[in-house]
Amino acid sequence: MRIFLISDNADTQTGMRLAGIDGILVRTPEEVKVAVDEILNDTGIGILLITEKIAAMQPEYFSYIKINRRTPLVVEIPDRHGSSKGDDYIMSYVSDAIGLKL
């Protein structure tokens, strides 16, 4: 199984390409939908990396994929500027999930 990236940022795409991960650069919600539809038809792709901005362009569509499809696994990543969710996002997520303040 392969990993594939859909990015809105050329620097993120270049960095992933250096790591051996193929990807595509898209700019509009329509381009995102077309790219994802093509990836869903490729059974060789097991993990789909998307930047946070890409996820924000089609949130309902990505939620549908995450809930109703086994593959590919959709993983949101920050771009080179960092996460838009804040520095303590993971800690607050874990705290909410287990009900324990870390």
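Before any of the text, the structure's been laid out above.
Here the structure is a predicted model, which means the values were calculated and not measured.

So what about unusual backbone geometry? Which residues, and what values?
With an omega dihedral of 0°, the bond running from Thr 71 to Pro 72 counts as a cis peptide bond. By the element assignment, Pro 72 lies in the loop between helix H4 (59–68) and strand S4 (73–77).

Can you break down helix H1 (residues 10–18) residue by residue, with the values?
Here H1 starts with a cap whose side-chain oxygen sits 2.7 Å from the backbone nitrogen of Asp 11, and that cap is Asn 9. At the exit of H1 stands Gly 20, carrying a positive phi of roughly 90°.

With reference to specific residues and values, describe the side chain of Thr 51.
Relative to the elements of secondary structure, Thr 51 occurs in strand S3 (residues 45–51). For Thr 51, a relative accessible area of 1% translates into the label buried.

Pulling in residues and values, what's your account of the sheet that holds strand S2 (residues 22–25)?
Strand order across the open sheet formed by four strands is S2-S1-S3-S4, with parallel pairing between neighbours. The open sheet terminates on both sides in strands that have one partner only, identified here as S2 and S4. With direction set aside, neighbouring strand axes in the sheet form an average angle of 20°. Two elements, strand S1 (residues 2–7) and S2, share four bridges in a ladder whose sense is parallel. What sits directly across from Ile 6, in S2, is Ile 24.

Please provide a residue-by-residue account of the packing of aromatic side chains, values included.
Counted by the stated rule, this structure contains one aromatic pair. With 6.5 Å between their ring centres and 50° between their planes, Tyr 61 and Phe 62 make a pair best called tilted. Sitting over the ring of Tyr 61, Lys 33 keeps its end group 4.2 Å from the ring centre.

Break down the side chain of Ser 7 for me, citing the residues and quoting the values.
Following the sequence through the fold, Ser 7 ends up in strand S1. Among the polar contacts listed, one links the side chain of Ser 7 to the backbone oxygen of Asn 9, at a separation of 2.9 Å. Not counting chain neighbours up to four residues away, the residues in contact with Ser 7 comprise Thr 12, Gln 13, Ile 24, Leu 25, Val 26, Thr 51 and Ile 54.

Definitions and limits used
Residues numbered from 1 in each chain as written. Predicted model: local features only at pLDDT ≥ 70, side-chain atom pairs only at ≥ 80, totals over all residues. Heavy atoms only, no water. Helix = DSSP H or I, 4+ residues; strand = E, 2+ residues; numbered from the N terminus. Polar contact = N/O pair within 3.5 Å; in protein donor to acceptor, adjacent residues only side chain to side chain. Buried < 20%, exposed > 50% of the residue type's maximum accessible area, 1.4 Å probe, protein only. Pairing = 2+ DSSP bridges. Axes fitted to C-alpha atoms, helices over the stretch in contact; angles between N-to-C directions. Phe/Tyr/Trp six-rings, centres within 6.5 Å; stacked < 30°, edge-to-face > 60°. Lys NZ or Arg CZ within 6 Å of the ring centre and 35° of its normal. Contact = heavy atoms within 4.5 Å.

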